[in-house]
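Inside the fold
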Amino acid sequence: MTNKTFELLDEASGKKTKLPVRSGTIGPDVLDISVLNKDHGVFTFDPGFMATASTESKITYIDGDAGVLLYRGYPIEQLADKSSFLEVAYLLINGNLPQSTELADFQHNIQRHTMINESLLRMFNGFHYDAHPMAMVSATVASMSAFYHDSMDINNPRHREIFAHRIIAKIPTIAAAAYKRASGQPFIYPRNELSYCGNLLHMFYAVPCEPYEIHPLAAEALDLLLILHADHEQNASTSTVRLAGSTGANPYAAISSGVSALWGPAHGGANEAVLEMLEDIGTVDNIPNFLAQVKDKNSHVRLMGFGHRVYKNFDPRAKIIRDMCHKVLAKMGRGDNPLLELALRLEEVALSDEYFISRKLYPNVDFYSGIIYSALGIPRSMFTVMFAIARTAGWVAHWQEMIADPNMKIGRPRQLYTGPVKRDYQEIVKRN
Ligand code: ACO
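Heads up: these notes are all about the structure in this document. (Residues numbered from 1 in each chain as written. Predicted model: local features only at pLDDT ≥ 70, side-chain atom pairs only at ≥ 80, totals over all residues. Heavy atoms only, no water.)

Around the ligand sit 20 residues, and of these Lys-297, Arg-302, Leu-303, Gly-305 and Asn-364 come closest. Within the backbone of Leu-303, a nitrogen or oxygen atom sits 2.8 Å from a nitrogen atom of the ligand. Notes on the ligand: free accessible area 920 Å², of which the protein chains cover 77%. Across the shell around the ligand, the residue classes tally to nine nonpolar, five polar and six charged. (Near = heavy atom within 4 Å. Polar contact = N/O pair within 3.5 Å; in protein donor to acceptor, adjacent residues only side chain to side chain. Areas by Shrake-Rupley, 256 points an atom, 1.4 Å probe, with all protein chains shown as cover. Nonpolar A, V, L, I, M, F, W, Y, C, P; charged D, E, K, R; others polar.)

The biggest cluster of nonpolar side chains holds 122 residues, and the ones touching the most others in it are Met-277, Leu-303, Leu-346 and Ile-378. Element by element, the count of residues in this core is highest for helix α18 (residues 383-404), at 14 residues. Aside from chain neighbours lying at most four places away, what touches Met-277 is Phe-290, Arg-302, Leu-303, Met-304, Leu-346 and Phe-367. (Core = buried A, V, L, I, M, F, W, Y, C linked by side-chain atoms within 4.5 Å. Buried < 20%, exposed > 50% of the residue type's maximum accessible area, 1.4 Å probe, protein only. Helix = DSSP H or I, 4+ residues; strand = E, 2+ residues; numbered from the N terminus. Contact = heavy atoms within 4.5 Å.)

Strand pairing in a sheet takes place through backbone hydrogen bonds and is either antiparallel or parallel in direction. Across the sheet, three strands lie side by side as β4-β5-β6; this open sheet has antiparallel pairing. Both edges of this open sheet fall to β4 (60-63) and β6 (74-75), since each of them pairs with a single strand only. In this structure, strand β5 (residues 68-71) lies alongside β6, joined through two bridges in antiparallel fashion. Paired with Tyr-71 across the bridge in β6 is Tyr-74. (Pairing = 2+ DSSP bridges.)

Taken in spatial order, the three strands of this open sheet run β1-β2-β3, and their pairing is antiparallel. This sheet does not close on itself; its edge strands, each paired only once, are β1 (5-9) and β3 (30-31). Both strand β2 (residues 16-22) and β3 contribute to a ladder of two bridges, which runs antiparallel. Looking at β3, one finds that Arg-22 is bridged to Val-30.

Here we take up the side chain of Asp-223. Take Asp-223: it is sitting in helix α9 (residues 216-229). No salt bridge forms around the buried Asp-223; measuring N to O, its nearest opposite-charge neighbour Lys-327 is 12 Å away. Ignoring anything within four residues of it in the chain, the contact list for Asp-223 reads Ser-83, Ser-84, Phe-85 and Cys-197. (Lys, Arg positive; Asp, Glu negative; His and termini not counted. Salt bridge = Lys/Arg side-chain N within 4 Å of Asp/Glu carboxyl O.)

Turning to empty space enclosed by the protein, a few remarks are in order. Counted according to the given criterion, the structure contains one cavity of 30 Å³ or more. The space that makes up the largest cavity amounts to roughly 60 Å³. Looking at the largest cavity, the residues that line it are Ile-110, Gln-111, Thr-114, Ala-169, Pro-172, Arg-191, Asn-192, Leu-194, Ser-195, Tyr-196 and Asn-199. Those elements that place two or more of their residues in the lining of the largest cavity are α4 (100-111), α7 (157-183) and α8 (196-205). Tallied by class, residues from the lining of the largest cavity come to five nonpolar, five polar and one charged. (1 Å grid on protein atoms, 1.4 Å probe; cavity = no way out; pocket = protein on both sides within 12 Å on 5 of 7 lines; lining within 4 Å. Points joined across faces, edges and corners; volume = space filled by probe spheres on them.)

An α-helical turn contains 3.6 residues, so a residue and the one three or four places further along point in the same direction. If you check helix α6 (residues 133-147), its first and last C-alpha atoms are 21 Å apart, about what 15 residues at 1.5 Å a residue would give, namely 21 Å. Listed as buried for α6 are Pro-133, Met-134, Met-136, Val-137, Ser-138, Thr-140, Val-141, Ser-143, Met-144 and Ser-145. Where the residues of α6 are buried, they touch α5 (118-123), α7, α11 (251-262) and α18. (Expected span 1.5 Å × (residues − 1).)

What follows is about the side chain of Lys-180. Along the polypeptide, Lys-180 turns up in helix α7. Nearest to the buried, unbridged Lys-180 among oppositely charged side chains is Glu-210, at 10.0 Å. Beyond its immediate chain neighbours, meaning those up to four positions away, Lys-180 contacts Gln-185, Pro-186, Phe-187, Ile-188, Met-203, Phe-204, Tyr-205, Ala-206 and Val-207.

Our next topic: the pattern of salt bridges. What the rule picks out here adds up to 15 salt bridges. Glu-279 is the salt-bridge partner of Arg-380, the closest N and O atoms lying 2.3 Å from each other. With Arg-380 in the loop between α17 (365-375) and α18 and Glu-279 in helix α12 (residues 270-281), this residue pair connects regions lying 101 residues apart in the sequence. What you see here is one network of salt bridges that share partners, running through Arg-22, Glu-56 and Lys-58.

For the rest of this paragraph, the subject is a nonpolar patch on the surface. On the surface, Phe-6, Leu-31 and Ile-33 cluster together into a nonpolar patch covering about 260 Å² of accessible area. Counting through the fold element by element, Ile-33 comes out in the loop between β3 and α1 (36-40). (Patch = residues over 30% accessible without salt bridge, like charges linked within 9 Å, V, L, I, M, F, W, Y side chains within 5 Å.)

Set out below in structure tokens:
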């Protein structure tokens, strides 16, 4: 709490209330309005949470104007350059970078819990052959609550830790099972001696009839993408996990609700939408026509991979990933990818166009991530699944932070009701 206050005047009654201002370590102050309803009988109205801090958190900081992203205080650029996804997951969940023995223990715990129950695996055969992988992943993660319910006491810190290890260890296995189901290939079991991303590639691409060699750059690019997508403070899917988890629901069910929220094209589905958009545009010559549609309010066409609710200057993750995108395409022998050429030209044209400049619309991380995924041979329908693997670390960190908070309350927003006022039931014969 600071000494600063805002004074609110109820003009009808003349009643004044002082609203306290709370400061974080960095970032904008927040106005504590918790007494507003008790003292004045009013709620605040903020559709889309445009001006609302839904919680206090120590995990991730974003300065959208300056293009800053910090995980537990560490800049994303440094983590992308020096760290690994598992170290970042440890950092997000535990608050500090691990000592070497702590990291070794964490990695060991993740690498030894990669298999999923055979009954869970058999569930995949029940899905229709063309089921979207996100539907399969969401359903399978929710089903984990059926396997780990009695053993899960959310008030027991050790149980929470086991949950964290289990879900981070098993989400790649679930993702790979969804991929294999969609491609009609036999499921490939994890290999625990491999790195997190090496194992992911192995489960995706190995087949029983021939050896599979992991391309080191593919594993490096995936690890980078997982670091960049690991957390993003109170985004839609993380807020969903918090809201579902705040009811005391089984945490696997809460994570599954996050997977579902991530699926939408305005959130994690954007990288899939970027590739669809590039294919629809087809060639560089069609860019002007496409941008004319984007600017036409009635068309409802958006330049996918551009714009962000929080970054109104540039997305720092987009800068990092752009370089990796070039490296992957050059070194993995796909330097002549016409979609990348189209994407880069589209980016150049949009960045110099008044429509995008005046609205502060810049490429976000997903403008490039889909291109890297396609270069690695990952099908479009799996892009959001890759995002979900990364974001699981953030979801777990936020769920842990919320449940461990002694002041935690069930999330229960209010509304401005604009429906009919009270009216009497009419017998059906009397209705007109
Ligand atoms: N293409 C064209 N116009 C856009 C775009 C876009 N991608 N994004 C915003 N605008 C325009 C809006 O039409 C609006 O214009 P107006 O002032 O003339 O009405 C203005 O910019 C502000 O847009 P809002 O929708 O109010 O911005 P908001 O912050 O709510 O939206 C969002 C953010 C949803 C990400 C939006 O920019 C968008 O739809 N982008 C494309 C989808 C995408 O790439 N999503 C990925 C986000 S990153 C992530 O989840 C990892």
